[in-house]
Amino acid sequence: MLLEFGTAGNTDGGGGSTSARGKAEQQLIDLIQAALPELTIRSSRLDQSGGDHLLLVVNDEHAFRFPRVGMHDMRLETEVLRQLRRRSPVAIPVFDHTDPAGRFAGYRFIDGEPLTASRFARLDDAARNAVLDDIARFLIALHDLSQAEVGWSGEWPGTWTAAQFAYRGLSGRLPLIARHAPQLAASVENFYAAYRLDHAERVAIIHGDLVCEHILLDRKEERLAGIIDFGDVALGDPAQDLLGLWSYGADAVARVIELYDPRRGDPGLLRRSRNHFVRYRLDRLFESLSLGIVSETPATIAAIEALLTPSTRYDQ
């Protein structure tokens, strides 16, 4: 497994000095060339922004992912994607360059821009609905994929349960949040107390990090270009794969669920997905406070305060 190279930075390869980035980039190139001597590397650029992997773009056409220390190797992700591409309605990474030791894998670059909340808001109604419907069909395909189909012989990773997230939040995150935003203390504590009772109706193979940055919109046409970054693929609550969609608003989530679960076989899906989203936003606030990043803290605190005092119940 790879050594840790610096820390997460921005997408131009941030996260360390120029010399450190150069050394890290060369080490990754050497690994690729040793395992894939037939591949000619004409150009490369390193992105260290990923929390669980390094990304090396080669020849402006292939993206090579290298798991960071403590992350699972690429072989499980590769097998999931190999099976999923047969049924996914949207483009996903197809690893055509793989390291037999599982240290890295490369796929042809999927060109697109992250479907941020602001970009989603600029789509017309027809484009929004088409994108959301494609996301719903993608989630159906992924969550219906069975472990037997994947045929992974190693141990399957599992996501944390709501109870585990809540315990971490109450014991390790609430004190710092309360220190900087005392007005949130009681409502955050109440949220975690309720969140820990959430229980998934079933466990499925999930993406694990389906947030705006990993949902790509075609740069020329207002349609979904692809879904990327399956580095957190694991067994978990399907509702976790809906949390990122709350950035687009409650109506967007409701539309996806209408297609995803039309018979309401999982009546708590909407509530759990929203609770996962609130927990996700609290995690981001905690991380910012831990790093001393306070420039956007007031706006973030205000957004979380609104989430914790909803005018609508999400019990269904």
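Heads up: these notes are all about the structure in this document. Predicted model, so just to flag it, every value in this text is computed and none were measured. (Residues numbered from 1 in each chain as written. Predicted model: local features only at pLDDT ≥ 70, side-chain atom pairs only at ≥ 80, totals over all residues. Heavy atoms only, no water.)

Attention now moves to the sheet that holds strand β6 (residues 113–114). Read across the open sheet, the three strands follow the order β6-β8-β9; overall the sheet is antiparallel. The outermost strands of the open sheet, each flanked by one partner alone, are β6 and β9 (224–227). Across two bridges, the pairing between β6 and strand β8 (residues 215–217) is antiparallel. Bridged to P114 within β8 is L216. Contacting β8 and β9, helix α4 (residues 125–143) runs over the sheet at an angle of about 30° to β9. (Pairing = 2+ DSSP bridges. Helix = DSSP H or I, 4+ residues; strand = E, 2+ residues; numbered from the N terminus. Contact = heavy atoms within 4.5 Å. Axes fitted to C-alpha atoms, helices over the stretch in contact; angles between N-to-C directions.)

Moving on, we come to the nonpolar core. In terms of nonpolar packing, the biggest core is built from 79 residues, with V80, F138, L184, I205 and Y248 touching the most fellow members. Apart from residues lying up to four places away in sequence, L184 is in contact with I177, L285, I301, I304, E305 and L308. (Core = buried A, V, L, I, M, F, W, Y, C linked by side-chain atoms within 4.5 Å. Buried < 20%, exposed > 50% of the residue type's maximum accessible area, 1.4 Å probe, protein only.)

Before going further, it helps to spend a moment on the sheet that holds strand β3 (residues 62–67). Sheet architecture is open: five strands sit in the order β1-β2-β3-β5-β4, paired in antiparallel fashion. Every other strand in the sheet has two partners, leaving β1 (44–47) and β4 (95–98) as the edge strands with one partner each. On average, adjacent strands in this sheet sit at an angle of 25° to one another, irrespective of strand direction. Note: β3 against strand β5 (residues 105–108), four bridges, orientation antiparallel. Its bridge partner being in β5, F64 is matched across the sheet by G106. Its contacts with the sheet place helix α2 (residues 74–84) against β3, β4 and β5, and it is angled at close to 155° to β4.

In this structure, D229 sits in the loop between β9 and β10 (234–236). Along the sequence, D229 and H97 sit 132 residues apart, while their C-alpha atoms lie 16 Å from each other. Beyond its immediate chain neighbours, meaning those up to four positions away, D229 contacts D52, H53, R65, H207 and H214. In terms of polar contacts, D229 uses its side chain to reach the side chain of H214, at 3.1 Å. (Polar contact = N/O pair within 3.5 Å; in protein donor to acceptor, adjacent residues only side chain to side chain.)

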